[in-house]
Amino acid sequence: MRSLLTPLLACVLLGACTLPPAPPIEQAAAQNRTLSTLDSTDALDELVRINAQSGDAQRAERTRLDGERLGTARLQFRLALLLGRDDDPASQERALKLLGSLDTSDARAQALVDLTRTSLKAQLDARRQASRTQELQARIEQLKALEKSLQQRDDAPKPR
């Protein structure tokens, strides 16, 4: 009997030294923190996945994600990438807002998010500058036409 009592007592003592399992609320909170942050592997996977898709597949996925509740940072990043590929400046502005609200879990993921945000800002600025250039070009053409009409008016013979 003594030979069984010693190992049994050792097992009980070792069992008392271990930590109890985390309560379900703490486990859920830890899982939510994990889901709500974006790590570099997830970010790179999403970037590669979006780049590999055709334009139609990207539009279809963007439409699907627009109607969905985005519970994870990975889905938010995916939607931001898809919105950034759209030609509509409002979509790109929305992508910038999504990227600004992302919570990243490491520095590499944050660097990727920052680069994506910088790229979107550069695209928006280039689009604005192109639009401004077109406006100025149209004004120049109007001024040239006005100048030509004034020159023709000056060159016309004056009635006596």
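A short tour of the structure in this document, coming up. (Residues numbered from 1 in each chain as written. Predicted model: local features only at pLDDT ≥ 70, side-chain atom pairs only at ≥ 80, totals over all residues. Heavy atoms only, no water.)

Further remarks concern the overall build of the protein. Within the protein, the secondary structure is distributed over 7 helices and 2 strands. Listing each helix as α and each strand as β along the protein from the N terminus yields α-α-β-α-α-α-α-β-α. Relative to all contacts within the protein whose residues are 6 or more apart in sequence, the contacts with residues 24 or more apart total 62%. (Helix = DSSP H or I, 4+ residues; strand = E, 2+ residues; numbered from the N terminus. Contact = heavy atoms within 4.5 Å.)

Before going further, it helps to spend a moment on the pattern of salt bridges. Side chains that differ in sign of charge can pair as their charged atoms come close. Taken as a whole, this structure holds 16 salt bridges when the rule is applied. Note that Glu 61 is salt-bridged to Arg 78, the shortest N-O span being 3.3 Å. Highlighted residues: Glu 61 in helix 4 (residues 55-66) and Arg 78 in helix 5 (residues 73-84), separated in sequence by 17 residues. The exposure classification of Glu 61 matches that of Arg 78, with both residues buried. Notably, a salt bridge pairs Arg 128 with Asp 125, separated by 3.5 Å at the nearest N-O pair. One end of the pair is Arg 128 and the other is Asp 125, both in helix 7 (residues 107-155) and 3 residues apart, which spans about a single turn. For Asp 125, a relative accessible area of 41% puts it in the partly exposed group. Connected through salt bridges with shared partners, the residues Asp 42, Asp 45, Glu 46, Arg 49, Glu 61, Arg 64, Arg 74 and Arg 78 form a single ionic network. (Salt bridge = Lys/Arg side-chain N within 4 Å of Asp/Glu carboxyl O. Buried < 20%, exposed > 50% of the residue type's maximum accessible area, 1.4 Å probe, protein only.)

This part takes up helix 3 (residues 40-52). Quick reminder: α-helices carry 3.6 residues per turn. Residues three or four places apart thus point the same way. Here helix 3 is 13 residues long and its end C-alpha atoms lie 18 Å apart, about the 18 Å a rise of 1.5 Å per residue gives. Inspection of helix 3 places Ser 40, Ala 43, Glu 46 and Ile 50 among the buried residues, and these make up the whole buried set. One side of helix 3 holds all its buried residues, which, seen down the axis, span an arc of 130 degrees. Residues of helix 3 that are exposed and angled more than 90 degrees away from the buried face: Val 48 and Ala 52. (Expected span 1.5 Å × (residues − 1). Arc of directions from axis to C-beta.)

A grouping of Leu 143, Leu 146 and Leu 150 is seen on the molecular surface, where their side chains present a nonpolar patch of about 290 Å² in accessible area. Mapped onto the elements, Leu 146 comes out in helix 7. (Patch = residues over 30% accessible without salt bridge, like charges linked within 9 Å, V, L, I, M, F, W, Y side chains within 5 Å. Areas by Shrake-Rupley, 256 points an atom, 1.4 Å probe, with all protein chains shown as cover.)

A few words now on the packing of helix 4 against helix 5. In the contact formed by helix 4 and helix 5, the axes pass within 10 Å of each other and the chain directions differ by 130 degrees. Classed by the angle they form, the pair helix 4 and helix 5 counts as oblique. For helix 4 against helix 5, the interelement crossing comes out left-handed. On helix 5, the residues that touch Gln 58, Glu 61, Arg 62, Arg 64, Leu 65 and Asp 66 of helix 4 are Leu 75, Arg 78, Leu 79, Leu 82 and Leu 83. The class makeup of the residues in the contact of helix 4 with helix 5 is 5 nonpolar, 1 polar and 5 charged. (Axes fitted to C-alpha atoms, helices over the stretch in contact; angles between N-to-C directions. Parallel < 35°, antiparallel > 145°, perpendicular 65-115°, else oblique. Left-handed = near helix turned anticlockwise from the far one by under 90°. Nonpolar A, V, L, I, M, F, W, Y, C, P; charged D, E, K, R; others polar.)

The next thing to look at is the environment of Asp 66. In this fold, Asp 66 is placed in helix 4. Sequence spacing of Asp 66 and Leu 83 is 17 residues, and the spatial spacing of their C-alpha atoms is 9.7 Å. Once residues within four sequence positions are removed from consideration, Asp 66 is found in contact with Leu 79 and Arg 94.

Moving on, we get to the side chain of Arg 78. Overall, the relative accessible area of 11% leaves Arg 78 in the buried class. When neighbours within four sequence positions are excluded, Arg 78 is seen to be in contact with Glu 46, Arg 49, Ile 50, Glu 61, Arg 64 and Leu 65.

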